[in-house]
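What follows is each chain in one-letter form.
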Amino acid sequence: MEREPAGTEEPGPPGRRRRREGRTRTVRNLLPPPGAEDPAAGAAKGERRRRRGCTQHLADNRLKTTKYTLLSFLPKNLFEQFHRPANVYFVFIALLNFVPAVNAFQPGLALAPVLFILAITAFRDLWEDYSRHRSDHKINHLGCRVFSSRPHLK
């Protein structure tokens, strides 16, 4: 994928470039020569289309910057949160309250603030990931011009 020239972008904060609304992006697909495709590879990276009897492999130019899927959100998020030493420490202190010889106050009361912080952080991560998904969807559905190494068959 190739970006548009720098003159067509809006000025913004340093280090960030924002695209103007309604602009198209330019995508250059360099297709492999005929017969160079691996039939065992399947269509995992893109899709195959038939045009007048020939098979053409198109590159997949979709963006995906999200970290989570529906099934992986809870395990990945808990894994990330428990890599923070503060979270591990406070859960350890809360679990110590379940030991009768060491407890300082009610065990359920000790877990409430930790679970609250974990839930708020998980919700924030979910919102950020959803925002990335919306941004990816918007970019993936922009109009684009495609140039390839072979002329398109009509």
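What you see is a predicted model; the values in this text were computed from it and never measured.

Give me the lowdown on the pattern of salt bridges, citing residues and values where you can.
Under the counting rule described, the total for this entry stands at four salt bridges. A salt bridge links Arg124 to Asp125, with the shortest nitrogen-to-oxygen separation between them at 3.2 Å. A salt bridge links Glu128 to Arg124; its shortest N-O distance comes to 3.9 Å. Note that Glu128 and Arg124 are positioned in helix α3 (residues 107-140) at a spacing of four residues, about one turn of the helix.

Give a detailed account of the packing of aromatic side chains, specifying residues and quantitative values.
The final tally for this structure, using the stated rule, is three aromatic pairs. Measuring from centroid to centroid gives 5.2 Å for Tyr89 and Phe90, while their planes differ by 70 degrees, and the two rings are edge-to-face. Judged by its relative accessible area of 49%, Tyr89 is partly exposed. With centroids separated by 6.0 Å and ring planes inclined at 45 degrees, the aromatic side chains of Trp127 and Tyr130 adopt a geometry described as tilted.

Now, about the side chain of Ser72: what can you tell me, with residues and values included?
Within the element layout of this structure, Ser72 appears in the loop between β5 (54-59) and α1 (73-81). Exposure remark for Ser72: the relative accessible area of 17% places this residue in the buried category. A polar side-chain atom of Ser72 sits 2.9 Å from the main-chain amide nitrogen of Thr69.

An account of the packing of helix α2 (residues 85-96) against α3 is needed here, citing residue identities and associated values.
At a minimum axis separation of 8 Å, α2 and α3 run at an interaxial angle of 155 degrees. For the element pair α2 / α3, the angle class is roughly antiparallel. For α2 against α3, the interelement crossing comes out left-handed. Counted together, Asn87, Phe90, Val91 and Ala94 of α2 and Ala110, Leu111, Val114 and Leu118 of α3 form the full contact between these two elements. Residues of the contact of α2 with α3, tallied by class, amount to seven nonpolar, one polar and no charged.

The rules behind each value
Residues numbered from 1 in each chain as written. Predicted model: local features only at pLDDT ≥ 70, side-chain atom pairs only at ≥ 80, totals over all residues. Heavy atoms only, no water. Salt bridge = Lys/Arg side-chain N within 4 Å of Asp/Glu carboxyl O. Helix = DSSP H or I, 4+ residues; strand = E, 2+ residues; numbered from the N terminus. Phe/Tyr/Trp six-rings, centres within 6.5 Å; stacked < 30°, edge-to-face > 60°. Buried < 20%, exposed > 50% of the residue type's maximum accessible area, 1.4 Å probe, protein only. Polar contact = N/O pair within 3.5 Å; in protein donor to acceptor, adjacent residues only side chain to side chain. Axes fitted to C-alpha atoms, helices over the stretch in contact; angles between N-to-C directions. Parallel < 35°, antiparallel > 145°, perpendicular 65-115°, else oblique. Left-handed = near helix turned anticlockwise from the far one by under 90°. Contact = heavy atoms within 4.5 Å. Nonpolar A, V, L, I, M, F, W, Y, C, P; charged D, E, K, R; others polar.

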